[in-house]
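Read off the chains here:
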Amino acid sequence: MKKIAIIMCNDMHMDIERSNVLLNYIVQNSNYEIVCDYTIADIVIIQTCAFGNGKRYSMQVIADVRVNANPNAKIIVTGCLLPISREELKVIPGIEVKSFDELILMFKKADIHLYQEIVPQNKVIISEGCLKRCSYCVYPLIVGKYTSKPMEDILSEVARLYETETNIYLTGAQETSDYGRDLYGEPSFAKLLQKICTQFPNCNYIIGWFHPAGLTEEMISVIAQNKNIIEIMLHIQHVDETILKNMNRPTMKFTDEKIQKLRKLRPDLAISTEVIVGFPGETQLEFQKLVKYLNRGYFTDIGVASYEQVLGTDASVMEKQVPEGIKKERLKFIQTKFNACIYPSNKDNFMMSVIEEYMKAYDLFCHLPKYILNNRQKYNCIAGIDTKAKTEELEEILKEVFEYIINSRSEFDFQKNKKILTEKYTTEARMLFYSMIERGNFKEGIKQRAKKLLLDDNQD
Ligand code: SF4
């Protein structure tokens, strides 16, 4: 059987969904075996990223694959870089450049409905594309027109996840607030959200990638009424009015007013945000304004990116570009002061994926004493991890533990998961899980949550 490896873009939701579609499709309709190790694959598919330094990273991946892949392997490059760098990619020897549709056709000439495939994660992608035109962002140029999924399709996806999930992440690839404009003639996210909360009440919802301009009174009222909407990812990017104007983003007066309203109506709501430092023209004074605003403590999680001059965007030709050294300092400052995660991650400061963390922990787990887990069956797999099946079983255990940590956002889930973890694993096992997380490159918030979840109260 021929082998195929897919190196996914782990940044943008759209491509994660497409990767899933592709994987499902290949598994169901072809004779290829999916492998993780691309060096043994007959076909290697690379999904590129064009966001921020994703381009540089994707180019490095292409170079690595060309060197290390099986010399007879077919290397196919697809993803977000194509619309902006197709010609550049085409001159790289030894690779084929194909769009997602061409790729599907390559495996079989068949019509695939993107949204009917199973997406094996607690995430529902409600739309694709972006109608906004932020001056620093290349996405509107890449993705093309905004396409919303019909409400019925979204409701059936939520229904399917509702059976097993406690938290469902509703997001757009890339932007959520304009949901429905193309299909229903007006922004309809609030209506969709209300339907979801009414039909599937016993589940928590997280709203992803929400542009502040979409915080209408209707939207705020739906969030206020439904306490199971536990988080909104509201990206403010900056607070200085001149910078926001140059970014082509809404005024801070508007955004701040809405945030305060949300905070008043729902003090328990998690509001996470992302900001950009070093946008052209950002002086120390403007940077300090941003810091001062973040200091107010409205946000539960902060992501920070250093402005990147991306070809084709309006901001790339603006005057007063900020020197790299200053951008780095400002990025570091926000990261340290607010425990912010750097977004998007880069190679020097790479936020480890859960899978990488598992593999790093593998050695540690090989040497665990036999009494580490309460469950004898599980303990066997720890005692001698010498087969693929046993390694996979171990990875499953770790994956489950990480999922409990990630999914313990609300007090209810936290208490429920703490009980499960305490019953399932010995104190020593939980301490080892925590030591892995403590050493890993996770956000401080995740580490704190893991500590509270995994360690006994008297060890907090
Ligand atoms: S809203 Fe987001 S995806 Fe859309 S243009 Fe702005 S930054 Fe880009």
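A. Focus on the overall build of the protein chain. Counting its regular elements, the protein chain contains 19 helices and 13 strands. Expressed as a percentage of the 460 residues in the protein chain, the buried residues total 53%. Excluding contacts between residues fewer than 6 apart, the proportion of contacts in the protein chain whose partners are at least 24 apart in sequence is 74%.

B. Representation of the environment of N167 in the model. If you trace the backbone, N167 turns up in strand 8 (residues 167-174). Residues N167 and I229, 62 residues apart in the sequence, show an inter-C-alpha distance of 9.4 Å. Within polar-contact distance, the side chain of N167 engages the side chain of N204 at 3.1 Å.

C. Quick peek at the site of the ligand. In the neighbourhood of the ligand, the contacting residues comprise C130, K132, C134, Y136, C137, P140, Q174, E175, H211 and R249. Among the residues making up the shell around the ligand, the classes are represented as 5 nonpolar, 2 polar and 3 charged.

D. View of the confidence of the model for the protein chain. With 77% of its residues at a pLDDT of at least 70, the protein chain reaches an overall mean of 79. Confidence drops under a pLDDT of 50 for residues 109-120, and excluding neighbours within four residues, the segment shows 27 contacts in the predicted structure. Contacts for the low-pLDDT stretch residues 345-387, under 50 throughout, to residues beyond four places or in other chains number 85 contacts.

E. Structural detail: helix 19 (residues 444-454). When helix 19 is considered as a whole, its buried residues turn out to be I446, K447, R449, A450, L453 and L454. Buried residues in helix 19, looked at end-on, bunch into an arc of 165 degrees, giving them a common side.

F. Focus on the sheet that holds strand 11 (residues 270-277). Read across the sheet, 8 strands follow the order 7-6-8-9-10-11-12-13 without closing on themselves; strand pairing throughout is mixed. In this open sheet, the two strands that pair with only one neighbour each are strand 7 (147-148) and strand 13 (341-342). By the bridge criterion, 3 bridges tie strand 10 (residues 229-234) to strand 11 in an arrangement that is parallel. Following the sheet pairing, I232 is matched in strand 11 by I271. Across the sheet, helix 8 (residues 189-199) touches strand 6 (123-129), strand 8, strand 9 (204-210) and strand 10, and the angle it forms with strand 9 is around 165 degrees.

G. A look at the packing of aromatic side chains. Applying the stated criterion across every chain, the model contains 9 aromatic pairs. Between Y179 and Y184 the ring centres are 6.4 Å apart and the planes differ by 55 degrees, which places this aromatic pair in the tilted class. Using a relative accessible area of 35% as the deciding quantity, one classes Y184 as partly exposed. On the basis of an interplanar angle of 40 degrees and a centroid distance of 5.8 Å, the ring pair of F189 and F210 is categorised as tilted. Of this pair, F189 sits in helix 8 while F210 is found in strand 9, placing the two residues 21 residues apart along the sequence. Residue classification places F210 among the buried residues on the basis of a relative accessible area of 1%. Over the ring of F338 we find K337, and its NZ or CZ is 5.8 Å from the ring centre.

H. Quick peek at the environment of P93. With respect to the secondary-structure elements, P93 resides in the loop between helix 3 (81-90) and strand 5 (95-97). Placed 27 residues apart in sequence, P93 and R66 show a C-alpha to C-alpha distance of 8.8 Å.

I. Expanded view of the pattern of salt bridges. Evaluation of the coordinates by the stated rule reveals 16 salt bridges. When the shortest N-O distance is used, the salt bridge between K327 and E324 registers 2.9 Å. Residue K327 and its partner E324 are located together in helix 13 (residues 324-338), separated by 3 residues, close to a single helical turn. For E324, a relative accessible area of 55% puts it in the exposed group. Close ionic contact of E423 with K419 constitutes a salt bridge, the shortest N to O distance being 3.3 Å. Here the residue E423 and the residue K419 both occupy positions in helix 17 (residues 411-424), the gap between them amounting to 4 residues, near one helical turn.

J. Local environment of unusual backbone geometry. A positive phi angle, close to 50 degrees, is found at W209, a residue other than glycine. Backbone geometry at Q237 places phi at a positive 70 degrees, although glycine is not the residue there. Residue position: Q237 is located in the loop between strand 10 and helix 10 (241-247).

K. Summary view of the pairing of strand 12 (residues 301-306). Bridge count for strand 11 against strand 12 is 6 bridges, and the pairing is parallel. Bridge pairing in strand 12 links V277 to S306. Chirality of the crossover, the property in question, places the unit of strand 11, helix 12 (residues 284-295) and strand 12 among those that are right-handed. Two elements, strand 12 and strand 13, share 2 bridges in a ladder whose sense is parallel. The partner of V304 across the bridge, within strand 13, is I342. The parallel pair strand 12 and strand 13, bridged by helix 13, forms a crossover whose chirality is right-handed.

L. Expanded view of the pairing of strand 1 (residues 3-7). Of the pairings in the sheet, the one linking strand 1 to strand 2 (residues 33-34) comprises 2 bridges and is parallel in character. Across the sheet, residue I4 finds its bridge partner in strand 2, namely I34. As judged from the 4 bridges shared by strand 1 and strand 3 (residues 43-48), these two strands associate in the parallel manner. Its bridge partner being in strand 3, A5 is matched across the sheet by V44.

M. How the structure looks around the packing of helix 8 against helix 9 (residues 217-225). One can describe the packing of helix 8 onto helix 9 by two numbers: an axis separation of 9 Å at closest approach and a directional angle of 20 degrees. Of the possible angle classes, the one that applies to helix 8 and helix 9 is roughly parallel. For helix 8 against helix 9, the interelement crossing comes out left-handed. Within the contact between the two elements, helix 8 uses F189, A190, K191, L193 and Q194 and helix 9 uses E218, M219, V222 and Q225.

Analysis parameters
Residues numbered from 1 in each chain as written. Predicted model: local features only at pLDDT ≥ 70, side-chain atom pairs only at ≥ 80, totals over all residues. Heavy atoms only, no water. Helix = DSSP H or I, 4+ residues; strand = E, 2+ residues; numbered from the N terminus. Buried < 20%, exposed > 50% of the residue type's maximum accessible area, 1.4 Å probe, protein only. Contact = heavy atoms within 4.5 Å. Polar contact = N/O pair within 3.5 Å; in protein donor to acceptor, adjacent residues only side chain to side chain. Near = heavy atom within 4 Å. Nonpolar A, V, L, I, M, F, W, Y, C, P; charged D, E, K, R; others polar. pLDDT = per-residue confidence, 0-100. Arc of directions from axis to C-beta. Pairing = 2+ DSSP bridges. Axes fitted to C-alpha atoms, helices over the stretch in contact; angles between N-to-C directions. Phe/Tyr/Trp six-rings, centres within 6.5 Å; stacked < 30°, edge-to-face > 60°. Lys NZ or Arg CZ within 6 Å of the ring centre and 35° of its normal. Salt bridge = Lys/Arg side-chain N within 4 Å of Asp/Glu carboxyl O. Right-handed = clockwise from strand over helix to strand, strands pointing away. Parallel < 35°, antiparallel > 145°, perpendicular 65-115°, else oblique. Left-handed = near helix turned anticlockwise from the far one by under 90°.

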